[in-house]
Amino acid sequence: MKNTTLSKNKPIIEDVKISKEKLEKFNSITKHSQYKHRVIRHYSGGNCVICADIPSRKIIEDLEGYGQRIEYYCDRCFTKWIVS
Ligand SMILES: [Zn+2]
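What counts and how
- Residues numbered from 1 in each chain as written.
- Predicted model: local features only at pLDDT ≥ 70, side-chain atom pairs only at ≥ 80, totals over all residues.
- Helix = DSSP H or I, 4+ residues; strand = E, 2+ residues; numbered from the N terminus.
- Core = buried A, V, L, I, M, F, W, Y, C linked by C-beta atoms within 7 Å.
- Buried ≥ 20, exposed ≤ 12 C-beta atoms within 10 Å, placed from the backbone.
- Contact = placed C-beta atoms within 7 Å.
- Pairing = 2+ DSSP bridges.
- Axes fitted to C-alpha atoms, helices over the stretch in contact; angles between N-to-C directions.

**Q** Can you tell me about unusual backbone geometry, naming the residues and giving the values?
**A** Note on backbone geometry: most residues besides glycine have negative phi, and most peptide bonds are trans. You will see that Ala52, though not glycine, has its phi angle at about 65°, which is positive. Among the structural elements, Ala52 can be located in the loop between helix 2 (36-44) and strand 2 (57-62). Even without being a glycine, Glu64 presents a positive backbone phi close to 40°. The topology assignment puts Glu64 in the loop between strand 2 and strand 3 (68-73).

**Q** Explain the nonpolar core residue by residue, including any values.
**A** Residues Ile40, Cys48, Ile54, Tyr72, Tyr73, Cys74 and Cys77 constitute the largest nonpolar core, which totals seven residues. Sequence-distant contacts of Cys48, defined by excluding residues within four places in its chain, comprise Asp53, Pro55, Tyr72, Tyr73, Cys74 and Cys77.

**Q** Give a detailed account of the sheet that holds strand 2, specifying residues and quantitative values.
**A** One open sheet accounts for three strands, arranged 1-2-3; its pairing is antiparallel. The two strands at the open ends of the sheet, each matched to only one other strand, are strand 1 (12-15) and strand 3. In this sheet, neighbouring strand axes are inclined to one another by 20° on average, regardless of whether the strands run parallel or antiparallel. Alignment of strand 1 against strand 2, held across four bridges, turns out to be antiparallel. Along strand 2, the bridge assignment pairs Glu14 with Lys58.

Here it is as structure tokens:
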């Protein structure tokens, strides 16, 4: 697996699960809202770190005694992250 070469601490990759109903609901809320990114965070826990869109993956890195770093990625940006 390519992930193991990314860092000494193998990051944990989790799916961010948002139900279809929630997604539809917040699509209607966010369409014209200036609070789009805040609404996304409320529903999914965070925004994509690259484009601030709705995330589909959560990457948790252990910082050896310095806690955890959690980053969210959407499908598009996650694909780029994998190949980089
Ligand atoms: Zn993104």
